[in-house]
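# Examination of the molecular architecture
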Amino acid sequence: MSAPYLEIHDLRKRFGEDEVLKGISVSLERGECLVLLGPSGCGKTTLLNIVSGGLEADAGAVRCTGEALDVPAEGRFVPMRRRGFAMVFQEFSLWPHMSVAENVAFGLRLRGLGRHEREDRTMQALARVRMETFANRWPGELSGGQQQRVAIARALVVRPRLLLLDEPLSALDARLRETLKDEIATLLREERITAVYVTHDQAEAFAVGDRIALMNGGRVEQCGPPEELYRHPATRFAASFIGSSNIVPVRTDGGRARWPGGHDTPLPSGATAGAVAHLLLRREAVRVEPGNGGPPQAGNGCVVLPGICRRERFLGDRYEILAEVGEAFTLRGFGAGRIAAGAPVHVRFSMEDVRCLAE
Ligand SMILES: Nc1ncnc2c1ncn2[C@@H]1O[C@H](COP(=O)(O)OP(=O)(O)OP(=O)(O)O)[C@@H](O)[C@H]1O
Ligand SMILES: [Mg+2]
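Just so you know, these numbers come straight off a predicted model, no measurement behind them.

### Examining the overall build of the chain
Secondary structure assignment for the chain yields eight helices and 21 strands. Along the three orthogonal principal directions, the C-alpha set of the chain runs to about 80 × 50 × 40 Å. Burial statistics for the chain: of 359 residues in total, 37% are counted as buried. In the chain, once contacts between residues fewer than 6 apart in sequence are set aside, the share between residues at least 24 apart is 62%.

### What to know about the site of ligand 1
The full set of residues close to ligand 1 is F15, V20, G38, S40, G41, C42, G43, K44, T45, T46 and H200. Of the residues belonging to the shell around ligand 1, the class tally is three nonpolar, seven polar and one charged.

### Here we look at the pairing of strand 8 (residues 162-166)
Burial analysis of strand 8 places five of its five residues in the buried class, the great majority of the element. Here strand 8 shows a buried face lined by L162, L164 and D166 and a second buried face lined by L163 and L165. Where strand 7 (residues 85-88) meets strand 8, four bridges bridge the pair, whose relative direction is parallel. Residue pairing in the sheet places V88 in a bridge with L165 of strand 8. The β-α-β motif built from strand 8, the intervening helix 5 (residues 174-190) and the parallel element strand 9 (residues 195-199) has right-handed crossover chirality.

### What about helix 4 (residues 144-156)?
Over its 13 residues, helix 4 runs 19 Å from end to end, which matches the ideal 18 Å to within 8%, given 1.5 Å per residue. Of all 13 residues that make up helix 4, eleven are buried, and the element is covered over most of its length. Here helix 4 has its buried residues at Q146, Q147, Q148, R149, V150, A151, I152, A153, R154, A155 and L156. On its buried side, helix 4 packs onto strand 7, helix 2 (100-110), helix 3 (115-128), strand 8 and helix 5.

### A short note on the sheet that holds strand 10 (residues 211-216)
Spatially, the six strands line up as an open sheet ordered 7-8-9-3-10-11, and their pairing is mixed. Here the strands that pair on one side only, and so sit at the sheet edges, are strand 7 and strand 11 (219-224). In this sheet, neighbouring strand axes are inclined to one another by 20° on average, regardless of whether the strands run parallel or antiparallel. On top of the sheet, helix 4 reaches strand 7 and strand 8; it is set at about 175° to strand 7, its chief contact.

### Brief notes about the domain arrangement of the chain
Considered domain by domain, the chain is made up of domain 1 (6-239) and domain 2 (246-357). Distance from the C-alpha centre of domain 1 to the C-alpha centre of domain 2: 41 Å. In this assembly, four residues from domain 1 lie in contact with four residues from domain 2. In the side of domain 1 that touches domain 2, the residues fall into two nonpolar, one polar and one charged.

### Some thoughts on helix 5
Taking 1.5 Å per residue as the helical rise, helix 5 with its 17 residues ought to reach 24 Å, and the 25 Å between its terminal C-alpha atoms agrees with that figure. Inspection of helix 5 places L180, K181, I184 and L188 among the buried residues, and these make up the whole buried set. Taken down its axis, helix 5 places every buried residue within 110° of arc, on the same side. When the buried face of helix 5 is taken as reference, the exposed residues oriented beyond 90 degrees from it are R175, T179, D182, T186 and E190. Elements in contact with the buried residues of helix 5: strand 3 (33-37), helix 4, strand 9 and helix 6 (202-208).

Conventions and cut-offs
- Residues numbered from 1 in each chain as written.
- Chains lettered and ligands numbered in written order.
- Predicted model: local features only at pLDDT ≥ 70, side-chain atom pairs only at ≥ 80, totals over all residues.
- Helix = DSSP H or I, 4+ residues; strand = E, 2+ residues; numbered from the N terminus.
- Buried ≥ 20, exposed ≤ 12 C-beta atoms within 10 Å, placed from the backbone.
- Contact = placed C-beta atoms within 7 Å.
- Near = placed C-beta within 6 Å.
- Nonpolar A, V, L, I, M, F, W, Y, C, P; charged D, E, K, R; others polar.
- Pairing = 2+ DSSP bridges.
- Right-handed = clockwise from strand over helix to strand, strands pointing away.
- Expected span 1.5 Å × (residues − 1).
- Axes fitted to C-alpha atoms, helices over the stretch in contact; angles between N-to-C directions.
- Domains from an automatic or database assignment.
- Arc of directions from axis to C-beta.

Now the structure itself:
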């Protein structure tokens, strides 16, 4: 097997007493976008800064196309300006005293390109982010979203070996984030740009990432395509960070799961016997129906538990309902119609949708 395009191996970093990266290993193929997703403080920016060359690792290795960029054990460290990478930051970082075109052309000027080629490539890059008509404006005359588009053009114009983006949309309002994340996703795919994209936003991660490395406390908990993280979360953290989940602790004995409140179902596959297990049930796998029509009817591999509606929320196409099951635990699910708080409900799900989570 050939070496990956970018390889991060057992990377460690301390700030004083604090071990912020605790042995990170991930890799990236050419043309792929890897998202670093995780809560604030989990080490995403630190990892990105080590990849960019803005920060040195304590141990481990960063290699790109086989070239050692940062390998402390071998005394190898290639400075940022010699890595051929480009970065896009959260804060609008255009140079205020240069026009849009001058901002984009600056990297080409540094590389000694002639005027004609500079102008051609600058206009092409601006066109790719639909900013060609703004070439002669000053950054201060642009909206936040336009400034980030120019920042992306400025990063791409130099045809970097690797594009690094650190929360590029988080300073923008929700609507703009929505459109720009789709534009970035399309641009990365169409141009086959190799990128590492940092975000704490799941929707952004799913839109742009070919694969997602889910980070928690300086480690990668799980790395895979979005579908895999969603459908097969490896840990409780992964299950709770991604998607809207119910996580129910059950006692396991005799091959059965004893739910709080005394309900009893077969154990889903993957459960280890003899202990407490945490079962994952996605919100969309739980149906909540009015429970006035007598005792719940199970069947077809379905479990139906009696409960009380605690809260409902209108989502436009359906209702999210929080149901308390036998005064023992609550489950969030979807209902087709409105159910008043306090009304009896039936909570229905299929055991096929229940997953057992690793600790
Ligand atoms: N230069 C530094 N000196 C000391 N501690 C630092 C330094 N930079 C980061 N840290 C600490 O390292 C940890 C990880 O920080 P980092 O910025 O990588 O997190 P992050 O995942 O990017 O978070 P956010 O989503 O808030 O940007 C934090 O606890 C932070 O306080
Ligand atoms: Mg950060």
